[in-house]
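The chain contents come next:
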Amino acid sequence: MANVVVVGAQWGDEGKGKIVDWLSERADVIARFQGGHNAGHTLVIDGQVYKLNALPSGVVRGGKLSVIGNGVVLDPWHLVGEIAKIREQGVEISAETLMIAENTPLILPFHGELDRAREEAAATGTKIGTTGRGIGPCYEDKVGRRAIRVADLADRATLEARVDRALTHHNALRAGLGLEPVDRDGLIAQLEEIAPEILQYAAPVWKVLTEKRKAGKRILFEGAQGSLLDIDFGTYPFVTSSNVIAGQAATGVGIGPGSVDYVLGIVKAYTTRVGAGPFPTELEDETGERLGTRGREFGTVTGRKRRCGWFDAALVRQTCAISGINGIALTKLDVLDGFETLKICVGYELDGERLDYLPTASDQQARCTPIYEEMPGWSESTEGARSWADLPANAIKYVRHIEELIDCPVALLSTSPERDDTILVTDPFAD
Ligand code: GDP
Ligand code: IMO
Ligand code: MG
């Protein structure tokens, strides 16, 4: 297989960063195709921790091309800061190893302000719990045809015209929210200052990737967030503002859908969610606390405590179908060590009927109660296991049962944050 797409199959934070880093040894190009610096991807390599938001998770391996595709929304100031931080950790980044699509929309300071002002103004129960980083407002501008894109930074007259167009909209909106109008000239000056830092990486990504593909290079597409945060298929409106499912990989870089050979879904062995919205298997009790403590479930971007609950096989079966997932990487199995009994949600009861998927209507979602199966846990440690032989029998049974319930095989298993604490079952890149 030449090209592999990695997507989160739950509500994000499934361990995509670790798996993308691990897989990137086998790839030539690692490309982000949606989302922005709302993502927080953590890599641990020989004890050293790398935290990435906008940069692809293949960046710490030398000799790979990292790509930020047009499907991403990019905060140029954040990116420059992130590059500086990651360079301090000894990672080399240059125009040879990082490429940004010229048609990538830019997140500007007023996007973050709008994001936060709206969240503050929202009534209790309607707050989304965004990361406050301007992701939604920037995607709105893209679709509203008033975004400022990377290529616009190269020409003063274009930049001014684009800023004026955006501000006509935003200043009216800001007045309604009680915010000061944006300082137009100040913003243009800020953009002109950052422009060379970004333009050095700008390229026609669609063309470069087409050439790479023709030359037989392997592309690894790195998704951010998770399928249940997808703008169309997630728990709307408690979602992010982009398509995060595998179909977006092609659109988000400009390569044909036939270029995708394998879709790997990243799945946590239980469930977490950060931010508001429905979560049928959420545990607001000691067991939930225990999962959160053992799994160190705090958001990388906002530091918020992640909500925790049992594994929801009905939801993962649904997201496997929507993304056409060929195999999953099951992560954080070690967090379940020591539980006497494990529960798995296999469907929902809604108004006396049994459903094998989560319905779309919010009121129905709220009335769904999970139907659980119970399995015996294991007392042995799986932390750091690197082969099937190291896993206790009940852990293997748990993994095998998940495969059956979600109708998808396990390709990789992860047993600690460390890069090499990973068990390979089927190589997504194998022919
Ligand atoms: P991402 O957003 O999908 O890349 O995931 P995050 O990096 O936000 O969150 C996953 C967290 O779990 C990170 O702190 C990882 O270091 C950690 N992690 C990844 N895989 C494993 C695993 O198999 N076991 C344990 N205990 N931690 C893991
Ligand atoms: P990674 O890539 C988990 C959530 C936010 C909020 C909702 C909308 O690390 O898995 P946004 O700022 O995108 O408008 O927020 O989406 N969210 C994430 N949750 N992991 C992420 O990324 C997330 N990115 C956004 O918490 O509920
Ligand atoms: Mg994360």
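Details of the structure are given in the entry above.
Now for a quick tour of the structure.

Each value, and the rule that gives it
Think of each chain on its own: its residues are numbered from 1, step by step along the sequence as written. Written order determines the labels here, with chains lettered from A and ligands numbered from 1. It should be noted that, the model being predicted, local features are given only for residues of pLDDT at least 70 and side-chain atom pairs only at 80 or more, the latter also being counted only at that level, while totals for whole chains, interfaces and linings use all residues. Where side-chain values are given, they derive from all heavy atoms of the structure, hydrogens and water being excluded. Strands are runs of DSSP state E lasting at least 2 residues, helices are runs of H or I lasting at least 4, and numbering of each runs from the N terminus. Three exposure classes are used, based on accessible area relative to the maximum for each residue type with a 1.4 Å probe and protein chains only: buried under 20%, partly exposed in between, and exposed over 50%. We treat two strands as partners when DSSP finds at least two bridges between them. Note on contacts: a residue pair is in contact if any heavy atoms of the two residues lie within 4.5 Å. Note on geometry: axes are C-alpha line fits, over the in-contact stretch for helices, and angles between N-to-C directions span 0 to 180 degrees. Expected span of a helix: the number of residues minus one, times 1.5 Å. One heavy atom within 4 Å of a molecule or strand is enough for the residue carrying it to be called near that molecule or strand. Any pair of N or O atoms that falls within 3.5 Å is considered a polar contact. Within protein, one atom must be able to donate a hydrogen and the other to accept it, and sequence-neighbouring residues count only if both atoms are side-chain atoms. Values of accessible area rely on a 1.4 Å probe in the Shrake-Rupley scheme; residue burial ignores everything except the protein chains shown. Lys, Arg, Asp and Glu make up the charged group, whereas Ala, Val, Leu, Ile, Met, Phe, Trp, Tyr, Cys and Pro make up the nonpolar group; the residues left over, Gly among them, are polar. In this description, a disulfide is simply a cysteine sulfur pair whose atoms lie within 2.5 Å. The donor set covers N, O and S atoms within 2.8 Å of the metal, switching to 3.2 Å for Na, K and Ca, and it leaves out water, so a site may look short of donors. Pairing of aromatic rings covers Phe, Tyr and Trp, the last counted by its six-membered ring, and requires centre-to-centre distances within 6.5 Å; plane angles under 30 degrees mean stacked, over 60 mean edge-to-face, and any other angle means tilted. To sit over a ring, a charge needs its Lys NZ or Arg CZ within 6 Å of the ring centre and within 35 degrees of the ring normal. Nonpolar cores were defined as sets of buried Ala, Val, Leu, Ile, Met, Phe, Trp, Tyr and Cys residues, with membership established by side-chain atoms within 4.5 Å.

Bringing the environment of Val244 into the picture now. Structurally, Val244 can be placed in the loop between strand S8 (219-222) and helix H8 (248-251). With relative accessibility at 1%, the residue Val244 sits in the buried group. Taking the C-alpha atoms as reference, Val244 lies 27 Å from His401; in sequence the two are 157 residues apart.

With that out of the way, let us pick up the sheet that holds strand S18 (residues 422-424). Strand order in the open sheet formed by 10 strands is S7-S6-S5-S2-S8-S1-S9-S13-S17-S18, and the pairing between neighbours is mixed. At either end of the open sheet lies a strand with only one pairing partner, and these are strand S7 (202-203) and S18. The strands that helix H1 (residues 16-23) touches are strand S1 (3-8), strand S2 (29-32), S8, strand S9 (262-268), strand S13 (327-331), strand S17 (410-414) and S18; relative to S17, the one it contacts most, it runs at about 110 degrees. Contacting S1, S2, strand S5 (65-68), strand S6 (98-101), S7 and S8, helix H7 (residues 205-214) crosses the sheet at an angle of about 140 degrees to S5.

Given a rise of 1.5 Å per residue, 21 residues ought to cover 30 Å, and the 30 Å separating the end C-alpha atoms of helix H5 (residues 156-176) matches this to within 8%. Among all positions of H5, only Leu159, Val163, Ala166, Leu167, His170 and Arg174 are buried. The inward-facing, buried residues of H5 contact helix H3 (109-121), helix H4 (135-143) and helix H6 (184-199). Once H5 ends, the next one or two residues include Gly178, with phi positive near 75 degrees.

On to the site of ligand 1, then. Taken together, 18 residues form the shell around ligand 1, and within it Lys16, Gly17, Gly40, Asp334 and Ser414 come nearest. Within the backbone of Gly17, an N or O atom sits 2.8 Å from an oxygen atom of ligand 1. At the level of secondary structure, the elements contributing two or more residues to the shell around ligand 1 comprise H1 and strand S3 (41-45). Examining the composition of the shell around ligand 1, we find that 3 residues originate from one element, H1, more than from any other.

Right, let's talk about the site of ligand 2 for a bit. Taken together, 20 residues surround ligand 2, and among them Asp13, Lys16, His41, Thr131 and Thr240 come closest. Protein chains shield 98% of the accessible area of ligand 2, which is 550 Å² for the free molecule. Each residue belonging to the shell around ligand 2 can be placed in one class, and the counts come to 7 nonpolar, 10 polar and 3 charged.

Before going further, it helps to spend a moment on the state of the cysteines. Counted according to the given criterion, the structure contains 0 disulfides. Cys368 carries a free sulfur, and the closest cysteine sulfur to it, the one in Cys345, is 9.1 Å from it. With no disulfide of its own, Cys408 has Cys320 as its nearest cysteine by sulfur position, at a separation of 4.2 Å.

Let us look at the coordination of the magnesium ion (ligand 3). Surrounding the magnesium ion (ligand 3) are the protein donor atoms Asp13 (OD) and Gly40 (O), which sit 2.0 to 2.2 Å from the metal. Of the two residues, Asp13 is situated in the loop between S1 and H1 and Gly40 in the loop between S2 and S3; the sequence distance between them amounts to 27 residues. For Gly40, a relative accessible area of 12% translates into the label buried.

Across a regular strand the side chains alternate sides, sitting on one face of the sheet and then on the other. S13 sits mainly inside the fold: 5 of its 5 residues count as buried. Every second residue of S13 is oriented toward a common face, with Gly327, Ala329 and Thr331 on one face and Ile328 and Leu330 on the other, all of them buried. Bridge count for S9 against S13 is 5 bridges, and the pairing is parallel. In the strand pairing of S13, Val267 is matched with Leu330.

Let us now look at the packing of aromatic side chains. Counting across every chain of the model gives 3 aromatic pairs. Aromatic side chains Trp11 and Phe279 sit 5.3 Å apart centroid to centroid with 50 degrees between the ring planes, which places their arrangement in the tilted category. One end of the pair, Trp11, is in the loop between S1 and H1; the other, Phe279, is in the loop between strand S10 (271-273) and helix H9 (286-294), and 268 residues separate them in sequence. Each ring, one from Trp310 and one from Phe339, has its centre 6.1 Å from the other, and the planes form 70 degrees; the classification is edge-to-face. Of the two residues, Trp310 sits in the loop between strand S11 (307-309) and strand S12 (311-312) while Phe339 sits in the loop between S13 and strand S14 (341-350), which places them 29 residues apart along the sequence. When the ring centre of Phe339 is taken as reference, the NZ or CZ atom of Arg290 above it lies at 4.0 Å. In this structure, Lys343 is placed above the aromatic ring of Tyr372, and the distance from its NZ or CZ to the ring centre is 5.3 Å.

Turning to unusual backbone geometry, a few remarks are in order. Keep in mind that most residues, glycine aside, have a negative phi and that most peptide bonds are trans. Cis geometry marks the peptide bond from Tyr236 to Pro237, where omega comes out at 5 degrees. With respect to the helices and strands, Pro237 occurs in the loop between S8 and H8. In this structure, Asp46 is a non-glycine residue whose phi angle is positive, near 50 degrees. Despite not being glycine, Arg296 has its phi angle at roughly 50 degrees, a positive value. In this structure, Arg296 sits in the loop between H9 and S11.

A word on the side chain of Asn3. Within the secondary structure, Asn3 is located in strand S1. Overall, the relative accessible area of 2% leaves Asn3 in the buried class. Residues in contact with Asn3, not counting those within four places in the same chain, are Arg213, Lys217, Arg218, Ile219, Phe221, Ser259, Val260, Asp261 and Tyr262.

In terms of nonpolar packing, the biggest core is built from 58 residues, with Leu333 and Tyr398 touching the most fellow members. Those residues in contact with Leu333 that sit more than four places away from it in its chain are Ala269, Trp378, Thr382, Leu391, Ala395, Tyr398, Val399, Leu413 and Ser414. Membership of the second largest hydrophobic core comes to 36 residues, among which are Val59, Val72, Leu191 and Ile194.

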